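A structural walkthrough
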Amino acid sequence: MATGLTSIRTSEGKLEIVNQLLLPHTVEFIEIKSIDDAYDAIKSMKIRGAPAIASLAALAVADYLTKALENTTAPAWFESTDAFKEHIEAVLAHLFTARPTAVNLGAATRRLSKKLAASIEAGNDVRGVARDLIAEAKEIDAEDVGRNKLMSKWGAEWLVEQVKNAGGSGENLNVMTVCNTGSLATSGYGTALGLITHLHETGKLQRAFFTQSTPYHQGSRLTAFELQSLKIPSTMLCDSMVGSLFQHHQIHAIAVGADRIARNGDTANKIGTYNAAVLAARHNIPFIVVAPVSTVDLDIADGSSIPIEQRPAIEACLVRGALFPAVLNADGAKEQATVMVTPEGLEGVYNPSFDVTPASLITAIVTEKGVAIKKAGEEGFDLTPVV
């Protein structure tokens, strides 16, 4: 079985993440020593991917509480359950604001808040409540890998069956994806990239195609790196080449992840996903969203209520990478540099992180609980069976 990369690791009492801003040329783990470190890592996109940032937020809370329990001098907010609750609620609220579009982060902080209230209600003292929260936080992270493998299996098997029903063999499938939805975006295995990985592991995949996913290049930096690591045959294309790909190559499906799915199936994902969905519809290519149940937000009716994060304009003007030809530093690592590709002082930069793909353009939504498809004649989904 293919072995993926990892975005988060915990060992010897340390919480570390791989700095995704330096990938693929430098694999550097940085220690998360505080809640502010976790907030900065999420906000600055040193770690990204809706499931991964939820896991980091939860594990950062667990680490924070573990250190407080181990400290010989208890912090002031340990003096009473009221003080503890007020302090931890503020911590969770702060973490939630790091990236508002990804619903998984909110789901994780709400889940911890709910456990906090339940533990206090059960009559536990401050240390007992802290231990309950630590266990819950670790469970949030641990659940991710198993559910990723499940949704990848459901989605891959569904796609193979659809291809067979259309008269194909179900073999040698070509699947395109957008952005990065593998182990680096989750706690392991991945969502949409997990579907592709499952097809590869079961001998059904011919080739994976992936977009660069500008302006932050999660495709060309991260998905490319993961696919190489997994030894999966793959081809990169610029975002503007999707239509050409569909015209000249047989693509059996598009598989993408999600940062938030509304009750009707409208889906927010990396900017450029909507473009790919429109083109997929034009070419009658199945468009599959693969995401955990925690990504589904039943509190909002449709995509118009999904907040869209606007990234700093400067990010769209800069590109970071290794010098070419390669130059090695004293440690033998490739020298990297950030360069500006636009005129300095450019006025007017549109740089949203996400767009919303209407449910009408989505063929199937896959979670760890199964596959949802639209009823004949309907444009929206009934997600009840898969939530």
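The paragraphs below set out a description of the structure included in this document.

Thresholds, definitions, all that
Residues numbered from 1 in each chain as written. Predicted model: local features only at pLDDT ≥ 70, side-chain atom pairs only at ≥ 80, totals over all residues. Heavy atoms only, no water. Helix = DSSP H or I, 4+ residues; strand = E, 2+ residues; numbered from the N terminus. Buried < 20%, exposed > 50% of the residue type's maximum accessible area, 1.4 Å probe, protein only. 1 Å grid on protein atoms, 1.4 Å probe; cavity = no way out; pocket = protein on both sides within 12 Å on 5 of 7 lines; lining within 4 Å. Points joined across faces, edges and corners; volume = space filled by probe spheres on them. Pairing = 2+ DSSP bridges. Contact = heavy atoms within 4.5 Å. Axes fitted to C-alpha atoms, helices over the stretch in contact; angles between N-to-C directions. Core = buried A, V, L, I, M, F, W, Y, C linked by side-chain atoms within 4.5 Å. Nonpolar A, V, L, I, M, F, W, Y, C, P; charged D, E, K, R; others polar.

Note the cis peptide between Leu23 and Pro24, where omega equals 5°. By the element assignment, Pro24 lies in the loop between β2 (14-18) and β3 (29-31). Put simply, Phe324 and Pro325 share a cis peptide bond, and its omega is -5°. Note that Pro325 resides in the loop between β12 (318-322) and β13 (336-340). For Ser213, which is not glycine, the phi torsion reads 65° and is therefore positive. Locating Ser213 in the fold gives a position in the loop between β5 (205-211) and α7 (218-230). By relative accessible area, which is 0% here, Ser213 ends up buried. In this structure, His217 is a non-glycine residue whose phi angle is positive, near 60°. According to the relative accessible area criterion, His217 is buried, its value standing at 18%.

In this section: the layout of surface pockets. In this structure, the largest pocket spans a volume of roughly 350 Å³. Around the largest pocket, the lining comprises 15 residues; the ones closest to its centre are Tyr216, Arg221, Leu318, Val319 and Arg320. Contributions of two or more residues to the lining of the largest pocket are made by α7 and β12. Top contributing element to the lining of the largest pocket by residue count: β12, with three residues.

Note on sheets: strands pair through backbone hydrogen bonds, and any given pair is parallel or antiparallel. Spatially, four strands are ordered β11-β8-β9-β14 in an open sheet, and the strand pairing comes out mixed. What marks the edges here is a single partner per strand, and that holds for β11 (296-297) and β14 (354-357). Strand direction decides the pairing type here: strand β8 (residues 260-262) and β11, joined by two bridges, are parallel. Bridge pairing links Ala262 to Asp297 in β11. Here helix α9 (residues 273-282) sits on the sheet and contacts β9 (267-270) and β14; the angle it forms with β14, its principal contact strand, is near 30°.

Grouped together as the largest cluster of nonpolar side chains are 43 residues, with contacts concentrated most on Ile47, Leu56, Leu65 and Phe84. Counting only elements with at least two residues in this core, the list comes to β2, α1 (35-43), α2 (50-70), α3 (81-96), α4 (103-121) and α5 (126-165). Of all the elements, α2 adds the most residues to this core, at 14 residues. In contact with Leu56, other than residues within four places in its own chain, are Ile8, Leu15, Ile17, Ile32, Ala38, Ala41, Ile42 and Ile47. Ranked by size, the runner-up nonpolar core spans 29 residues in total, among them Cys179, Ile251, Ala276 and Ile362.

For the rest of this paragraph, the subject is the pairing of strand β1 (residues 8-11). Bridge analysis of β1 against β2 gives four bridges, and the strand direction is antiparallel. Across the sheet, the residue bridging to Arg9 is Glu16, located in β2.

As a further point, take the environment of Val349. For Val349, the location among the structural elements is in the loop between β13 and β14. Placed 234 residues apart in sequence, Val349 and Lys115 show a C-alpha to C-alpha distance of 42 Å. Apart from the residues within four sequence positions on either side, Val349 is in contact with Ala313, Ala316 and Cys317.

Now for the sheet that holds strand β15 (residues 364-367). Pairing in this open sheet of seven strands is mixed, and the strands run β6-β5-β4-β7-β10-β15-β16 from one edge to the other. Looking along the sheet, the strands with just one partner apiece sit at the ends: β6 (234-237) and β16 (370-373). On average, each strand axis in the sheet is inclined to that of its neighbour by 25°, with strand direction left out of account. Here β15 pairs with β16 via four bridges, running antiparallel. Paired with Ala364 across the two strands is Ile373, which belongs to β16. Contacting β4 (173-177), β5 and β6, α7 crosses the sheet at an angle of about 160° to β5.

For the rest of this paragraph, the subject is empty space enclosed by the protein. Within the structure shown, the criterion is met by two cavities of 30 Å³ or more. Approximately 290 Å³ is the volume found for the largest cavity. In this structure, the largest cavity is lined by 29 residues; those nearest its centre are Arg48, Gly49, Cys179, Asp259 and Phe354. In terms of residue count, the dominant contributor to the lining of the largest cavity is α2 (three residues). Across the lining of the largest cavity, the residue classes tally to 14 nonpolar, nine polar and six charged.

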